[in-house]
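A structural walkthrough
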Amino acid sequence: MTDDRLVIAGREFKSRLWIGTGKYKDFVETQKAIEASGADVVTVAVRRVNITDRSKDNLLDYIDPKKYTILPNTAGCYTVEDAVRYSRLARAAGVSDLVKLEVLGDERTLFPDTAGLIEAAKILIKEGFIVLPYTNDDPIVAKKLVDIGCPAVMPLAAPIGSGLGIRNPYNLKIIMETVKVPIIVDAGVGTASDAALAMEYGADAVLMNTAIAGARDPLAMAEAMKYAVHAGRLAYKAGRIPRKLYATASSPIEGML
Amino acid sequence: MQDAIHIHVNGEARTWRNGATVADLLQDLGIRTERVAVELNLEILDRAAFGQHRLKNGDRVEILGFIGGGISVKD
């Protein structure tokens, strides 16, 4: 599907699978998982540099920013002020204006604080950031985010790291029908079929971390996710048959004895 | 002129030589400038100007970079 590129804010992406780089055993495993997944967008967090032990490797020594789009997030931010501060730091440390904006509402669910999200997005968009917001599966909030200038929205499938899969496919479908920007289903995927389903519903991409990093064999799961996202996208474009209660024979009656 | 200044780097109290700039601090710590962001007393510095900011007694410096992270992870 070389002609089926995902375009966000004028940037083209080859892969519709985006992956997070947290929770891996080490940077080598992170690098191998990214390769196995075929992802060309990887998310990273912004944190204090270790100043006492400089022997520790740098993640970007393993993920070439020329080869991958590095998407910094504001993970761990619970206030608008923190999310804005981390976004600015990410831009200062990085190479682009892209930010995956998270403003979290609660430690137990890690659900987004959507009121704070909209407020932070407004501030950052005014400063020239390309804001990709991690949001709830709420169609009204998704529309508001697009109205203020987000070039894509990232609704969750289920709570972060829960592996529950898509909890509200109908809300996701409404979001896909009502907003005219790419939808990246973010968080909650458990296994390959969840990712395939998201794509079959019409998502433009899927972002995941724990489903791969937490699998017994992360590299095999990364590969499984690559095929799942690809298969789901192809099926979506091919158009599924309608569901019917009764059988429809696929062999002709004509010619029977 | 005193020989040493007391500053905080990433939350840790440090004694540094007087007259050092932010660029000197990074170099002394063995940190490559191209992949970090530096906040001096809550103000984000332009990377090109690291050499122009001379550290003063009581300064709070934050040096941040990218680490593995996907979606929010509880530490």
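Above this note sits the structure.
As a starting point, this report considers the structure included with it. Because the structure is predicted, anything quoted here is derived from the model rather than measured.

Topic: the overall build of chain A
Of regular secondary structure, chain A possesses eight helices and ten strands. The C-alpha radius of gyration of chain A comes to 20 Å, within 12% of the 18 Å expected for a compact globule of 257 residues. In terms of principal-axis extent, the alpha carbons of chain A reach across some 85 × 40 × 35 Å. Across the 257 residues in chain A, those meeting the buried criterion constitute 50%. Taking contacts inside chain A between residues at least 6 apart in sequence as the whole, the part at least 24 apart equals 64%. With the model as given, the accessible surface of chain A reaches about 12,500 Å², and the carbon-plus-sulfur share is 52%. Separation of charge centres in chain A, based on 32 positive and 31 negative side chains, amounts to 1 Å.

Brief notes about the interface of chain B and chain A
In this complex, chain B contributes 30 residues to the contact, which on the side of chain A involves 42 residues. Buried surface at the junction of chain B and chain A, both sides included, amounts to about 3,100 Å², of which 60% is carbon and sulfur. The interface formed by chain B and chain A includes four salt bridges. At the junction of chain B and chain A, the tally comes to ten residue pairs in polar contact (both at pLDDT 80 or more). Contributing elements (two or more residues each) for the side of chain B that touches chain A: β2 (12-17), β3 (37-40) and β5 (60-68) of chain B. A total of seven residues in the side of chain B that touches chain A trace back to one element, the largest contributor, which is β5(B).

What to know about the packing of helix α3 (residues 114-126) of chain A against helix α4 (residues 139-147) of chain A
Between two packed helices, the angle of one axis relative to the other and the distance separating the axes together describe the packing. All names here are of chain A. Taken N-terminus to C-terminus, the directions of α3 and α4 make an angle of 10°; their axes are 10 Å apart at the nearest point. Taken together, the axes of α3 and α4 are roughly parallel relative to one another. Here α3 contributes T114, L117, I118 and A121 to the contact with α4, which in turn contributes V141, K144 and L145.

Side note on the packing of helix α6 (residues 192-201) of chain A against helix α8 (residues 218-238) of chain A
All names here are of chain A. Viewed as axis vectors pointing N to C, α6 and α8 meet at an angle of 25°, and their least axial separation amounts to 7 Å. Between α6 and α8, the angle is such that the two are roughly parallel. Taken as a pair, α6 and α8 cross one another with a handedness that is right-handed. Note on element contacts: α8 touches α6 through A224, M225, A228, V229, G232, R233, A235 and Y236, opposite A192, A195, A196, M199, E200 and Y201. Per-class residue counts for the contact of α6 with α8 are eleven nonpolar, one polar and two charged.

Points about the environment of I5(B)
All names here are of chain B. With respect to the helices and strands, the residue I5 is situated in strand β1 (residues 4-9). You can call I5 buried: its relative accessible area is 2%. Separated by 26 residues in the primary sequence, I5 and I31 have C-alpha atoms spaced 20 Å apart. If near-sequence neighbours (up to four positions away) are discounted, I5 is found in contact with R14, T15, W16, R17, N18, L55, K56 and N57.

Things to note about the packing of aromatic side chains
Residues and elements named next belong to chain A. Under the criterion given, the structure shown has two aromatic pairs over all chains. Each ring, one from F27 and one from Y62, has its centre 5.4 Å from the other, and the planes form 40°; the classification is tilted. Of the two residues, F27 sits in helix α1 (residues 27-37) while Y62 sits in the loop between β4 (41-48) and β5 (69-72), which places them 35 residues apart along the sequence. Taking the relative accessible area as the measure of exposure, Y62 reaches 22% and is therefore partly exposed. Sitting above the plane of the F129 ring, R91 keeps its charged end 3.8 Å from the centroid.

A closer look at the state of the cysteines
Residue and element names in this part refer to chain A. Counted under the stated rule, the structure contains zero disulfides over all chains. C77 forms no disulfide, and the closest cysteine sulfur to it belongs to C150, at a distance of 16 Å. Residue classification places C77 among the buried residues on the basis of a relative accessible area of 1%. Judged by its relative accessible area of 2%, C150 falls in the buried class.

As for the sheet that holds strand β7 (residues 130-135) of chain A
Residues and elements named next belong to chain A. With parallel pairing, three strands are arranged side by side in an open sheet as β6-β7-β8. Only two strands of the sheet have a single partner each, and these edge strands are β6 (98-101) and β8 (154-155). Pairing analysis gives four bridges linking β6 to β7, with the strands arranged parallel. Note that in β7 the partner of L101 across the bridge is P133.

Conventions used here
Residues numbered from 1 in each chain as written. Chains lettered and ligands numbered in written order. Predicted model: local features only at pLDDT ≥ 70, side-chain atom pairs only at ≥ 80, totals over all residues. Heavy atoms only, no water. Helix = DSSP H or I, 4+ residues; strand = E, 2+ residues; numbered from the N terminus. Rg over C-alpha atoms; globule rule 2.2 N^0.38 Å. Buried < 20%, exposed > 50% of the residue type's maximum accessible area, 1.4 Å probe, protein only. Contact = heavy atoms within 4.5 Å. Areas by Shrake-Rupley, 256 points an atom, 1.4 Å probe, with all protein chains shown as cover. Lys, Arg positive; Asp, Glu negative; His and termini not counted. Charge placed at Lys NZ, Arg CZ, Asp CG, Glu CD. Buried area = accessible area lost by both parts, 1.4 Å probe. Salt bridge = Lys/Arg side-chain N within 4 Å of Asp/Glu carboxyl O. Polar contact = N/O pair within 3.5 Å; in protein donor to acceptor, adjacent residues only side chain to side chain. Axes fitted to C-alpha atoms, helices over the stretch in contact; angles between N-to-C directions. Parallel < 35°, antiparallel > 145°, perpendicular 65-115°, else oblique. Left-handed = near helix turned anticlockwise from the far one by under 90°. Nonpolar A, V, L, I, M, F, W, Y, C, P; charged D, E, K, R; others polar. Phe/Tyr/Trp six-rings, centres within 6.5 Å; stacked < 30°, edge-to-face > 60°. Lys NZ or Arg CZ within 6 Å of the ring centre and 35° of its normal. Disulfide = S-S within 2.5 Å. Pairing = 2+ DSSP bridges.

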